[in-house]
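Architecture at a glance
If you want the building blocks of each chain, they are given just below.
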Amino acid sequence: MRLAVLLCLALLSYGQSVAAKDFYQIPLPEDAREFARLDNKLPAVLSYFSQQSNTALRDFYIQQLGQPNSSQTRYGREHLYFTLNGNQVRVLISSRDNWRQVDVMVQN
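Residues numbered from 1 in each chain as written. Predicted model: local features only at pLDDT ≥ 70, side-chain atom pairs only at ≥ 80, totals over all residues. Heavy atoms only, no water.

1. So, the nonpolar core
Selection criterion: Side-chain atoms within 4.5 Å are what join buried Ala, Val, Leu, Ile, Met, Phe, Trp, Tyr and Cys residues into a set we call a nonpolar core. Accessible area is worked out with a 1.4 Å probe on protein chains only. A residue is then buried under 20% of its type maximum, exposed over 50%, and partly exposed in between. Secondary structure counts use DSSP, requiring at least four H or I residues in a row for a helix and at least two E residues in a row for a strand, with both numbered from the N terminus. Should any heavy atoms of two residues lie within 4.5 Å, those residues are considered in contact.
Counting 17 residues, the largest nonpolar core has Tyr-61, Val-91, Val-102 and Val-104 as the members making the most contacts within it. Within the residue set of this core, elements represented by two or more residues are strand E2 (44-50), helix H2 (54-65), strand E4 (77-84), strand E5 (87-96) and strand E6 (99-107). Broken down by element, the residue count for this core peaks at four residues, all from H2. Discounting chain neighbours no more than four positions away, the residues touching Val-104 are Phe-23, Ile-26, Ala-44, Val-45, Leu-46, Tyr-48, Tyr-61, Val-89 and Arg-90.

2. Topic: the pairing of strand E3 (residues 70-74)
Note the following rule: Two strands form a pair only when DSSP identifies at least two bridges running between them.
Note: E3 against E4, five bridges, orientation antiparallel. Of the residues in E4, the one forming a bridge with Thr-73 is Glu-78. Once E3 ends, the chain turns through two residues before running back antiparallel as E4, passing Tyr-75 with a positive phi of about 55 degrees.

3. Some thoughts on the pattern of salt bridges
Here is the rule we go by: The working definition used for a salt bridge is a side-chain nitrogen of Lys or Arg within 4 Å of a carboxyl oxygen of Asp or Glu.
Overall, the coordinates contain four salt bridges when judged by the stated rule. Two residues, Glu-78 and Arg-58, come together in a salt bridge whose shortest N-O distance is 2.4 Å. Placement of the pair is Glu-78 in strand E4 and Arg-58 in helix H2, with a sequence separation of 20 residues. Judged by its relative accessible area of 24%, Arg-58 is partly exposed. Note that Arg-77 is salt-bridged to Asp-103, the shortest N-O span being 2.2 Å. Pair noted here: Arg-77 is in strand E4 and Asp-103 is in strand E6, with a separation of 26 residues, a long-range link. A single network of salt bridges, built from pairs that share partners, joins Glu-34, Arg-37 and Asp-39.

4. Focus on the packing of aromatic side chains
How two aromatic rings sit relative to each other is set out by the distance from centre to centre and by the angle between their planes. The line we're drawing: Any Phe, Tyr or Trp ring, taking Trp's six-membered ring, that has another such ring centre within 6.5 Å forms a pair; planes under 30 degrees apart are called stacked, those over 60 apart edge-to-face, and the others tilted.
On inspection of all chains with the given rule, the structure shows four aromatic pairs. Ring plane angle 20 degrees and centroid distance 4.5 Å describe the contact between Phe-35 and Phe-49, whose orientation is recorded as stacked. Here the residue Phe-35 occupies a position in strand E1 (residues 33-38), and Phe-49 occupies one in strand E2, the gap between them amounting to 14 residues. The partly exposed category is assigned to Phe-49, whose relative accessible area is 22%. Each residue in the set Phe-35, Phe-49 and Trp-99 is aromatic and connected to the rest through ring pairs, giving one cluster.

If you want it as structure tokens, here you go:
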């Protein structure tokens, strides 16, 4: 029984440490509902939905990652470009009904 508890705790802490860094140390807002992840190799993509506004999401990434290297709006999607740990990070924010879709892409 004791071994089973220790194994469960080890697996839980392994999952937490992987989750904390598993998408290239890019923070996600608390309400992020992940629906797609391709992160086995670069380029990597993580997509999620959020109910925060476009402005709130933009501000979140600027607060977490600093001022973007560049930004633009194309086809109703906001593109923010950052550099993190030597990788280019692109954050795309678009609206879908009452939700925002955010796609985070990492490439070297």
